[in-house]
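Structure assessment
Letter by letter, the chains look like this.
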Amino acid sequence: MSETMPQAPQKKLVISDKVMIEMKDVHKWYGQFHVLKNINLTVKQGERIVLCGPSGSGKSTTIRCINRLEEHQQGQIIVDGTELTSDVKNIEMIRREVGMVFQHFNLFPHLTVLENCVLAPIWVRKMPRKEAEELGMHYLKRVKIPEQAKKYPGQLSGGQQQRVAIARSLCMKPKIMLFDEPTSALDPEMVKEVLDTMVSLAEDGMTMMCVTHEMGFAKLVSNRVIFMDRGEIIEQNNPHDFFDHPQNERTKLFLSQIL
Ligand code: ADP
Ligand code: MG
C-alpha cells in the first residue's frame, strides 16, 4: 500500500436506488479490434466505482463511451434516463450531466485558472460572467486553491492543476464524475491532495466512476471494484471481498502484480 492513502470519508456514504448509468450488452470495435465485449454495468446514484485492470484492457474506452468521447456500436448506454444515441441533443444533455477528469488535466494553458473554470458555464450554460466567476471561485475554494485563480496552469503544481480540472468540471454541476487515472501523472507527494478532493466529492454524494491504480482509495472510498481484462468485465465485488477473496485467476494475477 502506498503512502498516498487518502483520508477516510468522515460522513456515511449513501447509495440510492436511482440508476444513473446503465450499460447493457455494450460492444465496441476500433476498426477490426473488438475492444469492449458485452459490457453490462449498472451504477446507482452515490456509488463510487473503481475500475481497474491491466493496461489496454478497455478501462478508458469504457468510461469514454459514457460521455460519448467514444462511440459504441452495439448495446445500450443510458445515462440518467437518457439513452446515448447519435442524436446530438442527447449527447449534449448527457455531457452536461457527466464531468470528466483526465490523467493529463487538459486545462487550457493560455487561460487563467478562473478562466478555465468559467468557460463552459458562460458558453455552454449561457451564464452571466459575474455569476460564472462567483461559481468558479466557489469551486476553487471547494478544492482548496482559491488563491491560484489568477495564475496560469503552467504556474501550478500537477496536483493543483488536477484540482483546477476537478473544479472546472464541478462548475457544470455534473451529476456524475468520471475520472481516468487522475493521479497517474502526478508526483507521489501530490497524489494525496487529489485523492482527498475526490473523497470530499464522495462525501457530498457524487456518483463517481474512477479508473485508478490507487488501491488505498479503492479500499477506503469505493463501494465496488470492477476488474476488466481484454475488453471484458471479469469480476466485480465490494472492495473487501475483491481484495481479500478474488475469485478469478486473472484478478488474482493482477492483484499480485500491483499490491
Ligand atoms: P486501458 O484504459 O484499460 O489501458 P484503453 O481503453 O485505452 O485501455 O484501450 C483498450 C485497447 O484499445 C488498447 O489495446 C488500445 O491500444 C486500443 N485503443 C485505444 N484507443 C484506440 C483508438 N482510438 N484506436 C484504436 N485502438 C485503440
Ligand atoms: Mg486508460
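Everything numeric in this text was worked out from a predicted model, so none of it was measured.

Definitions and cut-offs
Residues numbered from 1 in each chain as written. Chains lettered and ligands numbered in written order. Predicted model: local features only at pLDDT ≥ 70, side-chain atom pairs only at ≥ 80, totals over all residues. Heavy atoms only, no water. Helix = DSSP H or I, 4+ residues; strand = E, 2+ residues; numbered from the N terminus. Rg over C-alpha atoms; globule rule 2.2 N^0.38 Å. Contact = heavy atoms within 4.5 Å. Areas by Shrake-Rupley, 256 points an atom, 1.4 Å probe, with all protein chains shown as cover. Lys, Arg positive; Asp, Glu negative; His and termini not counted. Charge placed at Lys NZ, Arg CZ, Asp CG, Glu CD. Salt bridge = Lys/Arg side-chain N within 4 Å of Asp/Glu carboxyl O. Buried < 20%, exposed > 50% of the residue type's maximum accessible area, 1.4 Å probe, protein only. Near = heavy atom within 4 Å. Polar contact = N/O pair within 3.5 Å; in protein donor to acceptor, adjacent residues only side chain to side chain. Disulfide = S-S within 2.5 Å. Phe/Tyr/Trp six-rings, centres within 6.5 Å; stacked < 30°, edge-to-face > 60°. Lys NZ or Arg CZ within 6 Å of the ring centre and 35° of its normal.

Looking at the overall build of the protein chain
- For the protein chain, the helix and strand inventory stands at 9 helices and 10 strands.
- Taking 18 Å as the expected radius of gyration for a compact globule of 259 residues, we find that the protein chain reaches 18 Å, a close match to that expectation.
- Taking the principal axes of the C-alpha coordinates as reference, the protein chain spans close to 55 × 45 × 35 Å.
- Partitioning the contacts of the protein chain with sequence separation of at least 6, the portion at a separation of at least 24 is 68%.
- Carbon and sulfur atoms make up 50% of the accessible area of the protein chain, which totals about 12100 Å².
- Of note, the protein chain has its 33 positive side-chain charges centred 4 Å away from the centre of its 32 negative side-chain charges.

Quick notes on unusual backbone geometry
- Within the chain, R68 stands out as a residue other than glycine whose phi angle is a positive 65°.
- Mapping R68 onto the fold places it in the loop between α1 (59-66) and β4 (74-79).
- With phi around 55°, N106 is a residue other than glycine that occupies positive phi space.
- Checked against the element boundaries, N106 lands in the loop between β6 (98-101) and α3 (113-123).

A short note on the pattern of salt bridges
- Applying the stated rule across the entire model yields 17 salt bridges.
- Among the salt bridges present, the one from E193 reaches R163, with a minimum N-O distance of 3.0 Å. With E193 in helix α6 (residues 188-203) and R163 in helix α5 (residues 158-170), this residue pair connects regions lying 30 residues apart in the sequence.
- The exposure class of E193 is partly exposed, given its relative accessible area of 26%.
- Across the pair E249 and K252 runs a salt bridge whose closest N-O atoms are separated by 3.3 Å. Of this pair, E249 and K252 both sit in helix α9 (residues 249-258), 3 residues apart, which is roughly one turn of that helix.
- The exposed category is assigned to E249, whose relative accessible area is 56%.
- A relative accessible area of 35% means that K252 is categorised as partly exposed.

A look at the site of ligand 1
- In the region of ligand 1, the neighbouring residues are Y30, F33, V35, P54, S55, G56, S57, G58, K59, S60 and T61.
- Note that a nitrogen atom of ligand 1 is positioned 3.4 Å from one of the side-chain N or O atoms of Y30.
- At 2.7 Å from an oxygen atom of ligand 1 is found a main-chain nitrogen or oxygen belonging to G56.
- If ligand 1 stood free it would expose 560 Å²; the protein chains cover 58% of that surface.
- Elements represented by at least two residues in the shell around ligand 1 include exactly β2 (33-44) and α1.
- For the shell around ligand 1, the element with the most residues is α1, which contributes 3 residues.

A few points about the state of the cysteines
- Enumeration according to the criterion identifies 0 disulfides in this entry.
- Cysteine C117 is unpaired, with the sulfur of C171 as its nearest cysteine sulfur at 4.7 Å.
- In this structure C171 comes out as buried when scored by relative accessible area, which is 1%.

Let's talk about the packing of aromatic side chains
- Evaluated as defined, the whole model comprises 2 aromatic pairs.
- Relative to F254, the ring of F227 lies with its centre 5.1 Å away and its plane at 40°, an arrangement referred to as tilted. You can see F227 sitting in strand β9 (residues 224-229) and its partner F254 sitting in helix α9, a full 27 residues away along the chain.
- A residue is classified by how much of its surface remains accessible, and F254, at 5% relative accessible area, is buried.
- Over the aromatic face of F243 sits the side chain of K219, whose NZ or CZ is 5.0 Å from the ring centroid.

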